[in-house]
Amino acid sequence: MDAVDKRKSYVFLAPLERGSRGHTTDLVERSLRSAIVALDFAPGEFIDKGAVCNALRVSRFPVSEALTRLAAEGLVEILPQRGSRAARIRLAEIRESMLIRQALEGMVAENAARHLSCHDIEALRGNLEAQQEAVLRGDRPGFHVLDLEFHTILVEGLKLPRVAAVIDASRANIDRVRRLLSSPRRHIVTLAEHWEIFRALEAHDAPAARRAMEAHLEAVVEELGRFSVEHAEVFVEA
C-alpha cells in the first residue's frame, strides 16, 4: 500500500473495542494523540473525521470530542468551516518547553549523580547497550522508545512524581520534533551524549552530570533551529 492509500484508510489507527461513550472518547483521544506525535498525521495535515470514524469503528461524536481536547493541548487546530488538522509546530512553545526540560532535567541529573541507586545505574547501562543495538539495526522507533526510557529511569529512580508530571506535560510537541529530527546521524550523536551523562552519573560527578544533560538538550534546540529554516512549512513562529 502506498503513502496515498495509507492516508485515505488511516491504517495506522487500530479499531477500538466497544465501551461507554466517555471511555470511547478517551481511547479515541489516546489513539489520535499517538498518531499525531508519531507524525502519522504530518504537521499541517487535515484530519478526515469520516476516515477516522471508519478506521476506529466509532461514531463522529467521540472523534469530535477527542479533537477538541487535543486542540486544547495544542496538537490540533480546529478551523471553522474547514475542519481539523494536526497543528504545525510552534517554535516559541518548543523553546519554552526545552527551557523547562533543561532546568528540570539538569537538576535531576545533578541529584542523580549523588543519590541514584546502583540498581538504577545498571538499568541505565542496560538501556544504553540497547540503544547501541538499535543504532546498529537502524531501528528508529525502537531508539526513540529507549531514549525516552533513559530519561524516565533518572526521574523515577529519584522518586520525583511531580517533576515527572511537569516534564511529561511538555513532552508531546517535543516528541514530534525529536521524530522530525530523527536520523542515523542524530541517533549516533544522541547516544554519545547519553554515554557522557552516564559516565558523570557513574562517577558521582554532579556538576558534570548537570552540564552533560543541559548540553544534550541544548543540542536538540540548535538542530531544531537549522531544521526549521529548511522546512518552514512544518513550523509557525508565533
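Here the structure is a predicted model, which is why all the values come from computation and not from measurement. The residue numbering used here restarts from 1 in each chain and proceeds along that chain's sequence as written. Only residues with pLDDT of at least 70 are given local features in this predicted model, and only at 80 or more are side-chain atom pairs given and counted; all residues enter the totals for whole chains, interfaces and linings. Side-chain descriptors were evaluated using all non-hydrogen atoms of the structure, hydrogens and water having been removed beforehand.

Considerations on the sheet that holds strand β3 (residues 83–86)
Note on pairing: two strands pair once DSSP finds at least 2 bridges between them. We count a stretch as a helix when DSSP gives it H or I for four or more residues in a row; a strand needs E for two or more, and each element gets its number in order from the N terminus. Strand order in the open sheet formed by three strands is β1-β3-β2, and the pairing between neighbours is antiparallel. The two strands at the open ends of the sheet, each matched to only one other strand, are β1 (46–47) and β2 (76–79). As paired elements, β2 and β3 share four bridges and run antiparallel to each other. Within β3, the position partnered with Glu77 by the bridge is Arg85. Contacts are assigned to residue pairs with any non-hydrogen atoms lying within 4.5 Å of each other. Only the stretch in contact is used when fitting a helix axis, every axis being a line fitted to C-alpha atoms; angles between N-to-C directions are given from 0 to 180 degrees. Against the sheet, helix α4 (residues 60–73) contacts β1, β2 and β3, and its axis sits at roughly 115° relative to β2.

As for the pairing of β3
Judged from the two bridges that link them, β1 and β3 form a sheet pairing that is antiparallel. Of the residues in β3, the one forming a bridge with Phe46 is Arg85. Hairpin connection of β2 to β3: three residues between the antiparallel strands, including Gln81 at a positive phi of 70°.

Topic: the nonpolar core
Remark: nonpolar core denotes a set of buried residues (Ala, Val, Leu, Ile, Met, Phe, Trp, Tyr, Cys) joined through side-chain atoms within 4.5 Å. Burial classification: accessible surface area is computed with a 1.4 Å probe over protein chains only, and a residue below 20% of its type maximum counts as buried, one above 50% as exposed, and the rest as partly exposed. Ranked by size, the top nonpolar core spans 41 residues in total, and within it Ile94, Leu116, Leu124, Leu154, Leu201, Leu224 and Phe235 carry the most contacts. Those elements that place two or more of their residues in this core are α5 (91–115), α6 (118–137), α7 (140–157), α8 (161–169), α9 (171–180), α10 (184–202) and α11 (206–230). Examining the composition of this core, we find that nine residues originate from one element, α11, more than from any other. Beyond its immediate stretch of four places on either side in the chain, Leu124 contacts Leu116, Phe150, Ile153, Leu154, Phe198 and Leu201. In terms of nonpolar packing, the next biggest core, distinct from the first, is built from 25 residues, Leu13, Val28, Ile47 and Cys53 among them.

A short note on the environment of Leu79
Along the chain, Leu79 turns up in strand β2. What makes Leu79 buried here is its relative accessible area of 19%. For the pair Leu79 and Ile197, spaced 118 residues apart in sequence, the C-alpha separation works out to 43 Å. The residues contacting Leu79, other than those within four sequence positions of it, are Phe46 and Arg85.

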